Amino acid sequence: MGLKINNLSGGYAGNNVLKNITFDVPDGKIVALIGLNGAGKSTTVNHVIGELQPQMGSICLNGTNIVSEPTMFKSQIAYIPEQPILYDELTLGEHLHLMLAAHDIDNETSWTRVASLLTLFRLENKLNWLPIHFSKGMRQKVMLVSAFMLNAPLLIVDEPFLGLDTLAQRDVIQLIQEQARLGNSILITTHLLASAASFVDQFVVLYEGKVRFVGSPSELAEENQLSVNNLDELFDLMQRELANEG
Amino acid sequence: MKGNKLFWQRFRRTQRTNVKYFRLLFNDHFVLFLVILFGAFVLGYRELLNTSYPIMFWRSNWWQVVIIIWLLIGLHIGDLLTYFRPADRLYLLGNDSDIIKKYLSSAIRISIIYASIWQLIFIGVVVPLLLRIYVSSMARVVAIVVFIITYKLILLLYERDKLFLKQRRQTIKVFEPNSMAEKLLFQILVPSIFLELILTLTSSPIYILVVAWSVLTVVAYRYFYINRFKANSFAMNWNSAIQQAQNQQQHVLHFFSMFAEIPNQPKIIKRRFYLDIFLYRLIKSKPAMLKLYWTRLARDTEILPLITRLIIIGMIIIGVLKSAPDWLIIGIAIIIVYLVNFQLLPLFSDTQKKLWTRLMPIPNSNKQQMFIRLHRTMNYFVCTLCIITVAVTNFSMQRIILLLIVLSVVIIGLQKSYIPYMIKKIKK
């Protein structure tokens, strides 16, 4: 079933950013939400993680509505924000244990996976470190580990490559693909269209708070008379269009 | 902009900010606590001075040690106030001469005024003790005032001197700036020796000592004085200057945050390994939210020290006022329990502000219940400490039973109505 966003309107107090947006993130699919700054990507993500209340429409994940069953909904998502968020007082190990406990996941059975993720991101010797000792890239890796260890039915990744070195970017793509193979839905936001085109199944283009296009990378390229490798130029086209409208 | 004009503009702005912080500090709870603390201190001090102890009690050398330590603590208070900001490195570049001659002259003037007020307060506190210990002590009091204030002036001038880049021949460098040896010599050894001499010498040598010290002060002042030649030949060491200003600002913020929650203060975390053993026992097999609250509290540098100070001072007051009536002791115990509960509340609001907390699939009701459980444990702890203090200082079964009954009622009231009400208010 996956994530279903139906006629969603919403935004921040007094500022209705999203206007009747509808799209799905089916099980096992990777969907990338793209658009210019201010198009509504972050607002959409904030609605999906329960930070904003929809003014109209619905957000359902595997039949669970975020408004009527927020706890049940949140237990099915893992989120990697653009800026890492950590408790200053908790060590890396304590963060991971806390997340597992909050999701009611048994520590012992899941730790093998956690350990392999820690090794992958070279954090295995830093379980006792406080966030103050982490670089920005390491903090982002902590967010990645704590999200990927959950194997949640919906993984939301806000700008997945920000602050990561090339090796880590490659690992993240592999992990995202692995999650999709397990049947989980993946929603990412990105500005790197050409890079994302190599691993996403669908693009959802947001333009001024509305869904303008939903389709595969090749369909998006064809629609805009671009090649898949030159998809980044789409932003130039949208920017020009916005300037003409203005 | 002229250097001194810029300084006074910044000075006024800082005073406005400080007034804001003072408003936060002198909230109803803190004033109440301060009145009790001040009352207990005055009562205890008066009782000490009026009690007829044998003459040897007052002749003990320990009193000199106490007075010297107290005055040395006072000497630490009153930083050099420059109000430099990181951007000054860029925007005031090239104005070094004006900054050195005018901006820093205003800075040193205001710093010495503030520092002198603090020194006089600290000296004022020990004057009754000095008059009680020594037969003819006015000469000593005058000598202490002269020495402490002039010494503080020299320390401030020395601090200012560290903000300059000088030519080698103009620099007297004994130690690495801010090294341990420097601090030990100038902040402890030199003042301790002079204070010890003032406290032990008889009247005539004290006058000689004051005159000798005054000559030394004039020599030091001449060395640190900034004339036009010096202002032109020195340059600002902006790294040191900005670092010093930031440290000073941190000291002020730290002082305010000892008693009140100061907004936008950068948070410092202390691991406190010595607490880990208790922490892990306390949170073992406990729900996730309770673990989170306890861990954050154990490593927090604002709430935990604040509560610890409150409890320690509260227990000292209960211990000192051992002969006070039951109602007063019970009243103080209630205030301590209430203040501990009140000071714990920011832990809830701060935890809820974290996106991580809001993302966890834990119902809000559970997040609140776990916070109330933390309060309950803290309340039991404070209640037990109050009873132990009463039992140790002035054992009275009637007082203990009364205290137990009243505190139980207060704790139930706090948990059932006050804390849930405050949580609701925070969430709004």
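All of these numbers come straight from a predicted model, not from anything done at the bench. (Residues numbered from 1 in each chain as written. Chains lettered and ligands numbered in written order. Predicted model: local features only at pLDDT ≥ 70, side-chain atom pairs only at ≥ 80, totals over all residues.)

I'd love a proper account of the overall build of chain A, names of residues and values included.
From N to C terminus, chain A includes nine helices and ten strands. Taking 246 residues into account, the globule formula puts the C-alpha radius of gyration at 18 Å, and chain A, at 18 Å, falls close to it. For chain A, the C-alpha atoms occupy an extent of roughly 55 × 40 × 30 Å along the three principal directions. Counting the 246 residues in chain A, one finds 41% classified as buried. Contacts spanning at least 24 positions in sequence make up 67% of the contacts within chain A whose residues lie at least 6 apart. (Helix = DSSP H or I, 4+ residues; strand = E, 2+ residues; numbered from the N terminus. Rg over C-alpha atoms; globule rule 2.2 N^0.38 Å. Buried ≥ 20, exposed ≤ 12 C-beta atoms within 10 Å, placed from the backbone. Contact = placed C-beta atoms within 7 Å.)

So, the overall build of chain B: which residues are in play, and what are the values?
For chain B, the count of helices and strands is 18 helices and two strands. Seen through its principal axes, chain B has C-alpha atoms that stretch 70 × 65 × 35 Å. A buried classification covers 24% of the 428 residues belonging to chain B. Within chain B, contacts between residues at least 6 apart in sequence are counted, and of these 84% link residues at least 24 apart.

Hey, could you go over the UniProt feature "domain: ABC transporter" (unreviewed entry) in chain A for me, with residue numbers and the actual values?
Here the UniProt-annotated "domain: ABC transporter" (unreviewed entry) positions come out as residues 3-233 of chain A. Helix and strand shares over residues 3-233 of chain A are 35% and 26% respectively, and the end C-alpha atoms of the span are 29 Å apart. (UniProt positions renumbered as here; feature names shortened; annotations may be inferred.)

Go over the pairing of strand β7 (residues 154-158) of chain A with me, naming the residues and quoting the values.
Residue and element names in this part refer to chain A. For β7, the buried fraction is high: five of the five residues fall into the buried class. Examined bridge by bridge, strand β6 (residues 77-80) and β7 share four bridges and lie parallel to one another. For A78, the partnering residue across the bridge sits in β7 and is L155. Both β7 and strand β8 (residues 185-189) contribute to a ladder of five bridges, which runs parallel. Within the sheet, the bridge partner assigned to V157 lies in β8 and is I188. Regarding topology, helix α6 (residues 166-181) serves as the crossover connection from β7 to the parallel β8, and that connection is right-handed. (Pairing = 2+ DSSP bridges. Right-handed = clockwise from strand over helix to strand, strands pointing away.)

Can you tell me about the sheet that holds β7 of chain A, naming the residues and giving the values?
Residue and element names in this part refer to chain A. Spatial strand order, β6-β7-β8-β3-β9-β10: six strands in an open sheet with mixed pairing. The open sheet has two edge strands with one neighbour each: β6 and β10 (210-215). Each strand axis lies, on average, 15 degrees off the axis of its neighbour in the sheet, ignoring direction. Two strands pair when backbone bridges link them, and strand β3 (residues 30-34) and strand β9 (residues 202-207) are joined in this way by four bridges, in the parallel orientation. Its bridge partner being in β9, I34 is matched across the sheet by V205. Strands in contact with α6 are β3, β7 and β8; relative to β8, the strand with the most contacts, it is inclined by about 145 degrees. (Axes fitted to C-alpha atoms, helices over the stretch in contact; angles between N-to-C directions.)

Describe the sheet that holds strand β1 (residues 3-12) of chain A, and please don't skip the residues or the numbers.
All names here are of chain A. If you trace the four strands from one edge of the open sheet to the other, you get β2-β1-β4-β5, paired in antiparallel fashion. Pairing within the sheet leaves two strands with one partner each, and these edge strands are β2 (15-25) and β5 (64-65). Packed onto the sheet, helix α1 (residues 41-48) meets β1, β2 and β4 (56-61) and runs at close to 70 degrees relative to β2.

So what's going on with the nonpolar core? Residues and values would help.
Of all hydrophobic cores here, the largest spans 111 residues; its most connected members are V145, I156 and L187 of chain A together with A333 of chain B. Not counting the four nearest positions on each side in its chain, A333 of chain B is found in contact with I318, C386, L403 and L407 of chain B. Within the second largest apolar cluster, 36 residues are counted, among which are I68, I100, L163 and L199 of chain B. (Core = buried A, V, L, I, M, F, W, Y, C linked by C-beta atoms within 7 Å.)

Let's hear about the interface of chain B and chain A: which residues, and what values?
Between chain B and chain A, the residue contacts involve 19 residues of the former and 19 residues of the latter. Residues of the side of chain B that touches chain A, tallied by class, amount to ten nonpolar, one polar and eight charged. (Nonpolar A, V, L, I, M, F, W, Y, C, P; charged D, E, K, R; others polar.)

Now, about the pairing of β8 of chain A: what can you tell me, with residues and values included?
All names here are of chain A. Among the five residues of β8, five are classified as buried, and the element is accordingly described as predominantly covered. Of the two faces of β8, both are covered, the one formed by S185, L187 and T189 as well as the one formed by I186 and I188. Two strands pair when backbone bridges link them, and β3 and β8 are joined in this way by four bridges, in the parallel orientation. Its bridge partner being in β8, A32 is matched across the sheet by I188.

If you had to explain the packing of helix α12 (residues 273-283) of chain B against helix α13 (residues 288-299) of chain B to someone new, which residues and values would you point to?
All names here are of chain B. Interhelical geometry of α12 versus α13 gives an angle of 165 degrees and a closest axis separation of 10 Å. In terms of their interaxial angle, α12 and α13 are classed as roughly antiparallel. In this structure, α12 crosses over α13, and the sense of that crossing is right-handed. Taken together, the residues of α13 that come into contact with α12 (itself represented by L275, L279, L282 and I283) are L290, K291, W294, T295 and A298. Split into classes, the residues belonging to the contact of α12 with α13 amount to seven nonpolar, one polar and one charged. (Parallel < 35°, antiparallel > 145°, perpendicular 65-115°, else oblique. Left-handed = near helix turned anticlockwise from the far one by under 90°.)

Which residues make up the environment of R12 of chain B, and what values go with them?
Residues and elements named next belong to chain B. Looking at the secondary structure, you find R12 in helix α1 (residues 3-25). The exposure class of R12 is exposed, given the 10 C-beta atoms found within 10 Å. Here the alpha-carbon distance between R12 and V392, two residues 380 residues apart in the chain, equals 50 Å.

Provide a residue-level description of α1 of chain A, including the pertinent values.
All names here are of chain A. Taking burial as the measure, the eight residues of α1 include seven buried ones, the bulk of the element. Three or more residues of α1 are buried, namely K41, S42, T43, T44, V45, H47 and V48. Once α1 ends, the next one or two residues include G50, with phi positive near 90 degrees.

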